[in-house]
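# A structural walkthrough
Chain residues, written in single-letter form:
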Amino acid sequence: MSTSPAETADQDRLSESEYRDRLRELPPSAKLVAKVLEGDSPLSQGGLAEESLLPDRTVRYALNRLEEEGLVDSRYSFKDARKQVYYLTI
């Protein structure tokens, strides 16, 4: 009775209502970064700063808060392995 990686990934995903509840408690900058990722994902930290018009430091803080809540995850970019790109976990 083993579970495949695809089944495990589906189990880790948040429901829409749980996603909204977690997001509600976060600062406005984190909400804006999440909104940008809803429309255009995955994005690098620099891409998020450019799209959201927030300073780099604020985007870093927002991403850290979103990661702490399990709303955002990251992986290395296929185009540039030195960069990480971020995406929503819903």
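Since this is a predicted model, take the numbers as computed values, not measurements.

Now for the overall build of the chain. Of regular secondary structure, the chain possesses five helices and three strands. Secondary structure elements of the chain occur, N-terminal to C-terminal, as α-α-α-β-α-α-β-β.

Taken as a whole, helix α4 (residues 45-52) has its buried residues at Gly47, Leu48, Ala49 and Ser52. Directly beyond the C-terminal end of α4, a positive phi value near 65° is found at Leu53.

It is worth spelling out the nonpolar core at this point. Core analysis: the biggest nonpolar cluster contains 20 residues, and Leu37, Leu48 and Leu66 have the highest contact counts within it. Every element with two or more residues in this core is listed here: α2 (16-24), α3 (28-39), α4, α5 (56-68) and β3 (84-88). Counting residues per element, this core draws most heavily on α3, at five residues. In this structure Leu66 touches Leu23, Leu26, Ala30, Val33, Ala34, Leu71 and Val72, once residues within four positions along its chain are discounted.

Attention shifts here to the layout of surface pockets. In this model, the largest pocket occupies a volume close to 160 Å³. In terms of lining, the largest pocket is formed by Pro42, Ser44, Arg75, Ser77, Phe78, Lys79, Asp80, Lys83 and Val85. Grouping the amino acids of the lining of the largest pocket by side-chain chemistry returns three nonpolar, two polar and four charged.

Here we come to α5. Here α5 is 13 residues long and its end C-alpha atoms lie 18 Å apart, about the 18 Å a rise of 1.5 Å per residue gives. Restricting attention to buried positions, one finds in α5 the residues Val59, Ala62, Leu63 and Leu66. What you see down the axis of α5 is that its buried residues fit within an arc of 100°, all on one side. Residues Arg57 and Glu68 are exposed on α5 and point more than 90 degrees away from its buried face. Elements in contact with the buried residues of α5: α2, α3, α4, β2 (72-76) and β3.

All right, on to the environment of Arg57 then. The residue Arg57 is located in helix α5 in this model. Residues Arg57 and Gln45, twelve residues apart in the sequence, show an inter-C-alpha distance of 9.7 Å.

Definitions and limits used
- Residues numbered from 1 in each chain as written.
- Predicted model: local features only at pLDDT ≥ 70, side-chain atom pairs only at ≥ 80, totals over all residues.
- Heavy atoms only, no water.
- Helix = DSSP H or I, 4+ residues; strand = E, 2+ residues; numbered from the N terminus.
- Buried < 20%, exposed > 50% of the residue type's maximum accessible area, 1.4 Å probe, protein only.
- Core = buried A, V, L, I, M, F, W, Y, C linked by side-chain atoms within 4.5 Å.
- Contact = heavy atoms within 4.5 Å.
- 1 Å grid on protein atoms, 1.4 Å probe; cavity = no way out; pocket = protein on both sides within 12 Å on 5 of 7 lines; lining within 4 Å.
- Points joined across faces, edges and corners; volume = space filled by probe spheres on them.
- Nonpolar A, V, L, I, M, F, W, Y, C, P; charged D, E, K, R; others polar.
- Expected span 1.5 Å × (residues − 1).
- Arc of directions from axis to C-beta.

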